[in-house]
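# Observations on the model geometry
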There are 2 protein chains.
Amino acid sequence: MSSGRFQAPTVAIVGATGAVGSVMIEIMNSRETVPWGEVRLIASPRSAGKKIDVRGVEHTVVALSPEAFDGVDIAMFDVPDELSAAWAPVAVERGAVAVDNSGAFRMDPEVPLVVPEVNAHEVNERPKGIIANPNCTTLSMMAALGELNREFGLRELVVSSYQAASGSGQDAIDRLRAEIDAVAGKQLGDRAGDVAEALVAAGLSEETPFKAPLALNVVPWCGSRKEDGWTSEELKVRNESRKILGIPELKVSATCVRVPVVTTHSLAVHATFDREVGVSDAHRVFERASSVVLQDDPDGPDFPTPAGVVGGEPTYVGRVRQAVDFPNTLDFFVCGDNLRKGAALNTYEIAETLASKA
Amino acid sequence: MSSGRFQAPTVAIVGATGAVGSVMIEIMNSRETVPWGEVRLIASPRSAGKKIDVRGVEHTVVALSPEAFDGVDIAMFDVPDELSAAWAPVAVERGAVAVDNSGAFRMDPEVPLVVPEVNAHEVNERPKGIIANPNCTTLSMMAALGELNREFGLRELVVSSYQAASGSGQDAIDRLRAEIDAVAGKQLGDRAGDVAEALVAAGLSEETPFKAPLALNVVPWCGSRKEDGWTSEELKVRNESRKILGIPELKVSATCVRVPVVTTHSLAVHATFDREVGVSDAHRVFERASSVVLQDDPDGPDFPTPAGVVGGEPTYVGRVRQAVDFPNTLDFFVCGDNLRKGAALNTYEIAETLASKA
């Protein structure tokens, strides 16, 4: 990276009025210092003209256009895959580095897929000018796994997720809350279909982002159908973990399940290493990791839950156990805010890393 | 078993007024025919005298006492561990075979632990006069795993649970519903602790059967703390699976998590076999298993959910996938009503099996 390239860089947030974009602005506002010269807020023409406060200064949202990227050094994107696919190259053409939180470029061999705690050394604008931010489910466990991998060498992962509604966006949050309202005050949940009937009776559409009722239920389906019965979310956990950790032969099996939680994904992780690993080894690694908080008091019960840690920036780890029948394996439970470390925060940290390399 | 021992046997339900006892009576009422001569309902002195209809005949609940077992051939117990430990031997002494759904006798080497589809051949009153019914979480996957084991030889299990409130009894169901009422109509779930605050504001006790808020949350803690950070529930999944399936060297790791579902446990299962197993092999096995319902249309999404199948007797299986990086492994998702097959139904089926052996 050419020296001086990013002195007081101009940063853009593309999708500034969305669920993740709003959290990017929150993070920017909560930082003690920021490296940015100018901040530019970009969104759909529908949102253009909207006024948003950034670090005490009123900013006006501008409409997405090629000219919107003129003078931008780093453009953080949180928009749907097809918009990223079309517009990130435009931003690059106009001179920006694009940090993209869609699925459009993650598996492109010419695009680094970055979690700064794990592979900050891959933060590089070349060759394509695009750096990808991982899927929120993968990201929720990556800081913790990166630390363990560095120390013990990761070989296999079996993961089950407990994914929050907000992983599917603001509409999904609204839907879950409407469903909770629809089942409240009723004695439901002990007859097949009674929850679904209550949703219909409350006037909720049968079109749902969850494919089934989510209130008083769990739904073993996240994302879209892919080959051989897998969902897109489950294959992302496999393929992105391999790429971020730099272990192309990592064995991974994931089952992704949506649960009636608003925000913060949880994962039950069964991780197998090159050698024997004990609970105290793992505790030691987690305790010195700056972005991991260990909640695992042996005199507990003490453990993280999504509603207990939502809004936090770190990855929370608890229930660390040495698998009785698998000497090289640890079982543990991870919670991470899917809008923060899972999306906005990691994207922002990639942009900060770029700026610091100036 | 001596021939003629159980001609029109007298059956007792001990704990007849509890959550599981009530379902035992429901099951008895819904059967086309029953083998029983007399049905006796036994409960705590507090419930004695209560009238309950069994197959169109009013029965009066009698108080638990040694004499209550006189003339009883088969006594189905669903009471706390310490009550079973004390009273099952009394029932046996008075001439009954005890079928016990507590944890008191499950790991006793002189007591068979039975899921009729898997090991009906172990239904035998000797040597101790007690037959144990497995823990509801283990049971929810056992019919499906028994079929796969018979065909392909099971070697390893990695399991994550999504357990319903009713696994902790009627109080836990009431608590979950009260929590749902307390969070309804509020925009909660995006600030750490806001759900907990709403429960306190609604006047709910901080003493909860779940150790943490369950509404808009998941709680990675079921049962009591055991050695090395494991919970009682997780060790039961390991130890009981080995005993039921008759595989003492089976490798098992379980992470047990409570979810805001009223009734029906779900499990994400990663099962490894002696040889390669494909999805179509597994489908064939599940399709011919009388107590398993396969919900896994490849043109779906089609999958079981707890709220979709609650109240049903079978084990529902979906999301069957051949683990991409583990050739001998299948990943799948199972739902089973923890009050029915997970408790009352399996206990009842053991009693029916005993009666059929007369």
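Per an unreviewed UniProt entry, chain A is named Aspartate-semialdehyde dehydrogenase, and its organism is Actinopolyspora alba. Under the UniProt heading Catalytic activity (unreviewed entry), the note attached to chain A is "L-aspartate 4-semialdehyde + phosphate + NADP(+) = 4-phospho-L-aspartate + NADPH + H(+)". Here is the UniProt Function (unreviewed entry) comment for chain A, exactly as written: "Catalyzes the NADPH-dependent formation of L-aspartate-semialdehyde (L-ASA) by the reductive dephosphorylation of L-aspartyl-4-phosphate."

### Concerning the UniProt feature "binding site: substrate" (unreviewed entry) in chain A
Residue and element names in this part refer to chain A. Per the UniProt record, "binding site: substrate" (unreviewed entry) is annotated on Gln163 and Arg258. Sequence-wise these annotated residues cover 96 residues; spatially they are packed, their C-alpha atoms never more than 4.6 Å apart. Locating Gln163 in the fold gives a position in the loop between strand E9 (154-162) and helix H5 (170-183). Not counting residues within four places of it along the chain, the set of residues in contact with Gln163 comprises Thr137, Cys222, Glu233, Cys256, Val257, Arg258, Val259 and His265. Mapped onto the fold, Arg258 is located in the loop between strand E10 (251-255) and strand E11 (265-273). Contact partners of Arg258, with chain neighbours within four places excluded, come to Gln163, Ala164, Ala165, Gly167, Ser168, Phe210, Leu214, Val218, Val219, Cys222 and His265. Within the local environment of Arg258, its side chain forms a polar contact with the backbone oxygen of Ala164, the two atoms lying 2.9 Å apart.

### Observations concerning the side chain of Gln163 of chain A
Assessed through its relative accessible area of 1%, Gln163 of chain A is described here as buried. In this structure the side chain of Gln163 of chain A is engaged in a polar contact, spanning 2.8 Å, whose partner is the side chain of Ser161 of chain A.

### Notes on the pairing of strand E3 (residues 51-54) of chain B
For a regular strand, side-chain orientation follows a simple rule: the groups alternate between the two sheet faces. All names here are of chain B. The alternating pattern of E3 places Ile52 and Val54 on a buried face, while none of Lys51 and Asp53, on the opposite face, is buried. Of the strand pairs in this sheet, E3 and strand E4 (residues 57-60) are connected by four bridges, and their pairing is antiparallel. In the strand pairing of E4, Lys51 is matched with Thr60. In textbook terms, the turn of a hairpin is the stretch between consecutive antiparallel strands, and for E3 and E4 this stretch comprises two residues, one of which, Arg55, has a positive phi near 50 degrees.

### Overview of the relation of the copies chain A and chain B
A rotation about some axis, followed by a shift along it, carries one copy of the chain onto the other. With an RMSD of 0.0 Å, the operation that places chain A on chain B is a rotation of 180 degrees combined with a shift of 0.0 Å along the axis. Here the two chains are linked by the operation of a two-fold rotation axis.

### Observations regarding the pattern of salt bridges
The tally for this structure, following the rule as stated, stands at 46 salt bridges over all chains. Between Arg40 of chain A and Glu38 of chain A there is a salt bridge, with the nearest N and O atoms lying 3.1 Å from each other. Looking at Arg40 of chain A, the relative accessible area reads 16%, which means it is buried. By relative accessible area, Glu38 of chain A is classed as partly exposed at 37%. Two residues, Arg238 of chain B and Asp325 of chain A, come together in a salt bridge whose shortest N-O distance is 2.7 Å. Of this pair, Arg238 of chain B sits in helix H7 (residues 232-245) while Asp325 of chain A sits in the loop between strand E13 (315-322) and strand E14 (329-336), placing the two residues on different chains. The residues Arg238 of chain B and Asp325 of chain A share a single accessibility class, namely buried. Within this structure, Glu151, Asp281, Arg284 and Arg288 of chain A form a network of salt bridges that share partners.

### Some remarks on the packing of aromatic side chains
Going through the model one piece at a time under the given rule, you end up with 13 aromatic pairs over all chains. When the ring of Tyr162 of chain A is compared with that of Phe333 of chain A, the centres are 5.9 Å apart and the planes differ by 65 degrees; the resulting orientation is edge-to-face. Of this pair, Tyr162 of chain A sits in strand E9 while Phe333 of chain A sits in strand E14; the two residues are 171 residues apart in sequence, bridging distant segments of the chain. By the burial criterion, Tyr162 of chain A is buried, and Phe333 of chain A matches it. Site record: aromatic cluster; members linked through ring pairs are Tyr162 and Phe333 of chain A together with Tyr162 and Phe333 of chain B. Looking at Arg321 of chain A, its charged tip hangs above the ring of Trp230 of chain B, at a distance of 4.8 Å from the centre.

### Let's talk about the pairing of strand E7 (residues 97-100) of chain B
Residue and element names in this part refer to chain B. Where burial is concerned, the two faces of E7 agree: the one with Val97 and Val99 and the one with Ala98 and Asp100 are both buried. Across four bridges, the pairing between strand E6 (residues 74-77) and E7 is parallel. Note that in E7 the partner of Ile74 across the bridge is Val97. With three bridges connecting them, E7 and strand E8 (residues 130-132) associate as parallel partners. Counterpart to Val99 in the pairing with E8 is Ile131.

### What about the domain arrangement of chain A?
Residues and elements named next belong to chain A. We note that the domain assignment places domain 1 (11-133 + 344-356) and domain 2 (137-168 + 218-336) within chain A. Of note, the centres of domain 1 and domain 2, computed from C-alpha atoms alone, are 26 Å apart. Each partner contributes to the interface: domain 1 provides 15 residues, whereas domain 2 provides 13 residues. Summed over both partners, the interface of domain 1 with domain 2 buries about 1200 Å², with 60% contributed by carbon and sulfur atoms. When the area that domain 1 buries against domain 2 is broken down by residue, the three leading residues are Leu113, Glu117 and Val118, summing to 41%. Where domain 1 touches domain 2, the interface holds two salt bridges. Counting every contact that joins domain 1 to domain 2 gives six residue pairs in polar contact (both at pLDDT 80 or more). Elements with a minimum of two residues in the side of domain 1 that touches domain 2: helix H3 (116-119) and helix H10 (340-356). Partitioned by chemical class, the residues of the side of domain 1 that touches domain 2 number eight nonpolar, three polar and four charged.

### Remarks on the sheet that holds E10 of chain A
Residue and element names in this part refer to chain A. The sheet built from six strands is open, its strands ordered E10-E9-E11-E14-E13-E12 with mixed pairing. Two strands lie at the open edges of the sheet, namely E10 and strand E12 (292-294), each paired on one side alone. When strand polarity is set aside, the average angle formed by the axes of neighbouring strands in this sheet is 25 degrees. As judged from the eight bridges shared by E11 and E14, these two strands associate in the antiparallel manner. Bridged to Thr272 within E14 is Thr329. On top of the sheet, helix H8 (residues 279-288) reaches E12, E13 and E14; it is set at about 165 degrees to E13, its chief contact.

Cut-offs applied
- Residues numbered from 1 in each chain as written.
- Chains lettered and ligands numbered in written order.
- Predicted model: local features only at pLDDT ≥ 70, side-chain atom pairs only at ≥ 80, totals over all residues.
- Heavy atoms only, no water.
- UniProt positions renumbered as here; feature names shortened; annotations may be inferred.
- Helix = DSSP H or I, 4+ residues; strand = E, 2+ residues; numbered from the N terminus.
- Contact = heavy atoms within 4.5 Å.
- Polar contact = N/O pair within 3.5 Å; in protein donor to acceptor, adjacent residues only side chain to side chain.
- Buried < 20%, exposed > 50% of the residue type's maximum accessible area, 1.4 Å probe, protein only.
- Pairing = 2+ DSSP bridges.
- Least-squares fit on C-alpha atoms with pLDDT ≥ 70 in both.
- Salt bridge = Lys/Arg side-chain N within 4 Å of Asp/Glu carboxyl O.
- Phe/Tyr/Trp six-rings, centres within 6.5 Å; stacked < 30°, edge-to-face > 60°.
- Lys NZ or Arg CZ within 6 Å of the ring centre and 35° of its normal.
- Domains from an automatic or database assignment.
- Buried area = accessible area lost by both parts, 1.4 Å probe.
- Nonpolar A, V, L, I, M, F, W, Y, C, P; charged D, E, K, R; others polar.
- Axes fitted to C-alpha atoms, helices over the stretch in contact; angles between N-to-C directions.

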